[in-house]
Every structure is written in C-alpha cells, then in structure tokens.
Amino acid sequence: MLLAVWGIVSLPVAHAGETPTTRIGVNRLNLAWLSRRDQERVLGEMATNGVTHARLSLSRPIDKSIEGLEIASQLGIRILLEIQLTNKSYFPGTARPRTGFGRIWDVHRLSELDLDRYRMGLRDALRRIDALGIRLEAIEPGNEINFSAYNGDLLVYRQPGERTPRSIAELAGRAAFEQGLDKYVEALKITREEVRATVHSSDAAIVSAGLSDLRADWADGRGMERLDPHEVIALLRKRGIDSLVDAYGIHVYPGQKAAPALSERVRHILDFCRTDNAGRPCWVTEWGIANTVRDCPVDDRKREDAVRAVRAVFQQLTDERRLTAAFYYDWDTEQSYSLWRCGRLSPAGALAVAPAGAQETRTVLP
C-alpha cells in the first residue's frame, strides 16, 4: 500500500482554545442541463447571497458540468464535486439498467460498475478540471447507494405496498448488493489515487457517497428497497473505508416535526459520525426542510423554526468534531425544498446558509 496515495489527508481542524467550524453550503445539481447564461445566473445568485460552498455534480454531459465548475470557481465558490456513478459511460455496453417500472428512473447496478472505465473517465475529467486551474474542496463518489433510486442492486417492486427489507439479511439480492459494496470500495481507491495525482486538488477531501436516511415505512409505501445508513456504514467500515475517506457522507431529511422530536431525529441519523480516532466525522451532503407553500411573498416562518433546530444540532456536532460540513438541498430547482423563492433568498434560506455559529433572529413578516 502506498501511503502517499492512500493516506488520509489532513484537513484544517480547531486547535486548543479555538472553536471548530463547519463548511456551510448548498446543492445545485444538474447544472449541466443549463445554458451557460443560466449557469452564470444561478451561480451568480448564490455568490451574491453569501454562498461560499456548493455541491455540484460531474454528470453527463461532462463538458457542461465542467463549464459550471469553472464559473463557480471564478466566483470564489468552493466546490464539493459529486461524481454520479450512475453515468452509463462507467458501465460495459452489455449492462442493462434495472427497471423502475415507470415510477422512478431505470438505473444501473453498482455491482456492474466497470472500474477501468470509471478510472479513465474520472482521470480525463480531473485533468480537464486541473487545466482550468479549478481547485476542488472535496470529492464525493456516488450518491445514496443504499437506495434503489441510485443503486440498481436494490429493487423497485412492480407494485408498491409490499414490505421491503429491514436489513441486508432480508435482501433477495444480497450477494449482488455486497458485490456492489466491494466495487464501491475499489472505486474509492481509484478516486483517491486520481485526485492525489492532480495539481490543484491533490489535498481535496474524499467523502463517501451521501447515504439516504429514508425510513422503512416510506420505502414500503413506494415499493423501493433501501437499507439503513447505519448498517451500510458498518458494512463499508468492515471493508476498510476508514483508510480511504476523510468523512462519511449522509443525507438528513427529518420531516415536519416539532423542535424536540426533530432534533432527536437528526441526532439519531448522525449518531455514527465520529472523530478521526474512532471512525470518521460526517459531511451532511444534503439536508432539507420542505415548505410546500407557493404564494409570494413566501411565508417561511414554520420552516425557519425547523431550520434553526437542525442548525443547532449541527453546531453541537461541530463542537464535538463529529461534523465538518453541511450542504442544504436545494438552491432553486425543487420547489418544496428550494431556498430561492419569489426571486430572492427566503428567510429560512438565509438561516440555512448562514455561516456556522452565526446568530440569527426570527423573521417577522409584515
């Protein structure tokens, strides 16, 4: 094993007497689907409103993805790059996506990932990113690999309503799922090697795929298999993930609950986040509170309370050095969760993207 390639990168940490800080950012996925003008508009709105970190995707078309990264970099936005492992370019031509029966997109099986194709595709993209002088703050290979929407080794049932597996022991396709985890660990090794070989991003953090926090009863009602993130992290740790990543990726969608119950839910989701001596800290690469109101100006008061409660838990975990980043989902594309409402940053949005430790007061609408 080459320690120069596989060793854990030393990220800035708080020293004695210093207050730990968390990278606070937002998601803006699918920039590759926008024109350059629209990419500039969206990223410009983010920068103007104080966003310093963004989770962006390397997805097809790759040229347009890199174009978005260049614009973000020029605006001074620090980038967490999510690599979409569902990209068909990373799979052999004979591989066929698992069906979503029209309820969700068809998606390839992680167990069929072609590691050579992945290495070649990632290497080419990173070289092009490097040539533009772009520095990546972190790289996150994959997304929600414990959920059937993003991992074809987990099933979508023809009809929803049937009980879905509660653990890996109940998976009918357990062998394939475990093969997928083995492939994923190999993909992490490749990612670390290729990132360390860059000029501008050689010190970028490697974050494991953000895992879904979906509940089993939700999965039952939609006929979509998922596994608990705690179990999947444990399975990945047994495969040596701690020697390959700087943080565990996790998603947090605690729902509409009163503050005490909401805070407890968030703490439960994140209870496997650890310090470097006992595992790895977490990066929350997606979190969100829905507001389904469509009226303008938006009434965001209820969501403000929930955002404030979640941020308080994040701050506690930051102080314990168990959380080092949190990226809200999303900026402007999914109306229920989006922060950009009625042509401006919503009050809850301002709270969600406020720097770690910032003191905020409750917004009062006229």
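Not measured: the values here are computed from a predicted model.

### Details of the pattern of salt bridges
Next, step 1: Overall, the coordinates contain 30 salt bridges when judged by the stated rule.
Next, step 2: Between R28 and D332 there is a salt bridge; the shortest N-O distance is 2.7 Å. You can see R28 sitting in the loop between β1 (23-27) and α2 (36-48) and its partner D332 sitting in the loop between β8 (323-328) and β9 (340-341), a full 304 residues away along the chain.
Next, step 3: For D182, the salt bridge identified is with R239, shortest N-O distance 2.7 Å. Of this pair, D182 sits in helix α5 (residues 174-196) while R239 sits in the loop between α7 (229-238) and β6 (248-252), and the two are 57 residues apart along the sequence.
Next, step 4: With a relative accessible area of 23%, R239 lands in the partly exposed category.
Next, step 5: Sharing partners across several salt bridges, the network here consists of R23, R135, E137 and D203.

### Some remarks on the confidence of the model for the chain
Next, step 1: Scored by pLDDT, the chain comes out at a mean of 91, with 92% of its residues at no less than 70.
Next, step 2: Confidence over residues 1-19 falls short of pLDDT 50; this stretch has 37 contacts with residues more than four positions distant or in other chains.
Next, step 3: Low pLDDT, under 50, characterises residues 359-366; the stretch is placed with 14 contacts to residues that sit more than four places away or in other chains.

### Observations concerning the environment of A352
Next, step 1: Positionally, A352 belongs in helix α10 (residues 347-352).
Next, step 2: You can call A352 buried: its relative accessible area is 1%.
Next, step 3: Spatially, the C-alpha atoms of A352 and R308 are 7.8 Å apart, while their sequence positions differ by 44 residues.
Next, step 4: For A352, the residues in contact, after removing those within four places along its chain, are I24, W287, V307, R311, Y328 and L339.

### Brief notes about the sheet that holds strand β3 (residues 78-83)
Next, step 1: Strand order in the open sheet made by the eight strands is β5-β4-β3-β2-β1-β8-β7-β6, with parallel pairing throughout. The two strands at the open ends of the sheet, each matched to only one other strand, are β5 (205-206) and β6.
Next, step 2: Strand direction decides the pairing type here: strand β7 (residues 282-287) and β8, joined by four bridges, are parallel. Directly across from V284, in β8, lies its bridge partner A326.
Next, step 3: Relative to the sheet, helix α3 (residues 62-74) contacts β2 (53-58) and β3, its axis offset from that of β2 by approximately 165°.

The rules behind each value
- Residues numbered from 1 in each chain as written.
- Predicted model: local features only at pLDDT ≥ 70, side-chain atom pairs only at ≥ 80, totals over all residues.
- Heavy atoms only, no water.
- Salt bridge = Lys/Arg side-chain N within 4 Å of Asp/Glu carboxyl O.
- Helix = DSSP H or I, 4+ residues; strand = E, 2+ residues; numbered from the N terminus.
- Buried < 20%, exposed > 50% of the residue type's maximum accessible area, 1.4 Å probe, protein only.
- pLDDT = per-residue confidence, 0-100.
- Contact = heavy atoms within 4.5 Å.
- Pairing = 2+ DSSP bridges.
- Axes fitted to C-alpha atoms, helices over the stretch in contact; angles between N-to-C directions.

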